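Listed below, chain by chain, are the residues.
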Amino acid sequence: MKSRKIGIMGGTFNPIHYAHLLLAENAREQFGLDRIIFIPSGQSYMKEDEDIPSGEFRYQMVKMAIQGNPYFTCSRVEIDRPGRTYTVDTLHQLQRMYPGDELFFIMGADSLLSMESWYQFEDIFQMAAILVAVRDDTDERALSDAAERMKTRYLADIRMVMTGRMDISSTMIREKIKTGKSVRYLLPEDCVEYICLKNLYSQQQEERV
Ligand code: NAP
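So, here's what we can say about the structure.

Moving on, we come to the overall build of the protein chain. Within the protein chain, the regular secondary structure consists of 9 helices and 6 strands. Once the C-alpha set of the protein chain is aligned to its principal axes, its extents read approximately 50 × 40 × 35 Å. The buried share among the 209 residues of the protein chain stands at 48%. Of all intrachain contacts in the protein chain linking residues separated by at least 6 positions in sequence, the fraction that spans at least 24 positions is 76%. Total accessible area on the protein chain stands at roughly 10700 Å², and carbon and sulfur atoms take up 49% of it.

As structure tokens, then:
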């Protein structure tokens, strides 16, 4: 059977927004990916001091956000796996689920710039190609220097996703919600309704169920 190209869009997705969706769609189109799996993270050891809604809330929002795109699916592998979330474990799991298929991990520039601090990052480079997009505030020189270094040192396969700079972030959305500002057109309307319904990110978020 011909091997498929599987894109992996990993994220905290706190919450998911249009820049995540557009990045995944642009990567899919540019690299001819057969499908994209969105993977909301479980327990990130790098964000343990942040108040992050449970994986279930973030998974539900991702599911709503990708509705209608036949190439997009959402996986529970990280939210259902006990313990801290490490990308290397997820890739091992995906290799077992999709033997013979090619894996492409999609990320923004800040993720690439921090990758050498990730758990067993060298194994990640062996298991997946990295598709990286510049962010609105990316220092492109620093990004290309980092990419070149990783290619040389670890034989990483790093490719650039051609996408316009998108000035949207989950932090910005959470701040706006906290201060009662509109988040319309930054993320899908269904997600906005879900956030209101579950009272996420507002001052009273400790009351959420
Ligand atoms: P996130 O904040 O939800 O973002 C998901 C991805 O979308 C990131 O790569 C982010 O890039 C990108 N992105 C968001 N807004 C963007 C924009 N406006 N333009 C371009 N790109 C944009 O998720 P995260 O907390 O960064 O985590 C990303 C993935 O890395 C997850 O799968 C997580 O588990 C993994 N991770 C693994 C380890 C480890 O295994 N040790 C450590 C850290 C993270 P930026 O990075 O540029 O924001």
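This paragraph deals with the pattern of salt bridges. Oppositely charged side chains can pair when the atoms bearing their charge come close. If you walk through the whole model with that rule in mind, you get 10 salt bridges. Between aspartate 157 and arginine 159 there is a salt bridge whose closest N-O contact spans 2.7 Å. On the basis of relative accessible area, arginine 159 is assigned to the partly exposed category, the value being 29%. Across the salt bridge formed by glutamate 189 and arginine 184, the nearest N and O atoms sit 3.7 Å from each other. Salt bridges linked by common partners bring Glu56, Arg76 and Asp80 together as one network.

Looking now at the pairing of strand β5 (residues 129-133). With 5 of 5 residues buried, β5 is to be regarded as a mostly interior element. What you see with β5 is no split at all: Ala129, Leu131 and Ala133 on one side and Ile130 and Val132 on the other are buried throughout. Note that strand β4 (residues 102-108) and β5 share 5 bridges and pair parallel. Counted as the bridge partner of glycine 108 is alanine 133 from β5. Of the strand pairs in this sheet, β5 and strand β6 (residues 158-160) are connected by 3 bridges, and their pairing is parallel. By the bridge assignment for β6, leucine 131 is matched with arginine 159.

What follows concerns a negative patch on the surface. Together, Asp110, Asp136, Asp137 and Asp167 make up a region of like negative charge exposed at the surface. In this fold, aspartate 137 is placed in the loop between β5 and α7 (140-154). On the basis of relative accessibility, which here comes to 57%, the residue aspartate 137 falls in the exposed class.

Let's shift gears to the nonpolar core. If you look at the biggest cluster of nonpolar residues, it comprises 40 residues, and the most contacted ones within it are Ile16 and Phe38. Elements with a contribution of two residues or more to this core: α1 (18-31), β2 (35-40), α2 (55-66), β3 (72-74), β4, β5, α8 (170-178) and α9 (189-197). Beyond its immediate sequence surroundings of up to four residues, phenylalanine 38 is in contact with Met9, Phe13, Ile16, His20, Leu21, Ala24, Val62, Ile66, Phe72, Thr73, Cys74 and Ser75.

This brings us to α9. Of all the positions in α9, only Cys191, Val192, Tyr194 and Ile195 are classed as buried. Projection of α9 onto a plane perpendicular to its axis shows the buried side chains occupying an angular sector of 160 degrees, all on one side. Facing away from the buried side of α9, by more than 90 degrees, are the exposed residues Cys196 and Leu197. Buried residues belonging to α9 abut α2 and α8. Taken from the residues just after α9, asparagine 199 is the one with a positive phi, measuring 55 degrees.

What counts, and where the lines are drawn
Residues numbered from 1 in each chain as written. Predicted model: local features only at pLDDT ≥ 70, side-chain atom pairs only at ≥ 80, totals over all residues. Heavy atoms only, no water. Helix = DSSP H or I, 4+ residues; strand = E, 2+ residues; numbered from the N terminus. Buried < 20%, exposed > 50% of the residue type's maximum accessible area, 1.4 Å probe, protein only. Contact = heavy atoms within 4.5 Å. Areas by Shrake-Rupley, 256 points an atom, 1.4 Å probe, with all protein chains shown as cover. Salt bridge = Lys/Arg side-chain N within 4 Å of Asp/Glu carboxyl O. Pairing = 2+ DSSP bridges. Patch = residues over 30% accessible without salt bridge, like charges linked within 9 Å, V, L, I, M, F, W, Y side chains within 5 Å. Lys, Arg positive; Asp, Glu negative; His and termini not counted. Charge placed at Lys NZ, Arg CZ, Asp CG, Glu CD. Core = buried A, V, L, I, M, F, W, Y, C linked by side-chain atoms within 4.5 Å. Arc of directions from axis to C-beta.

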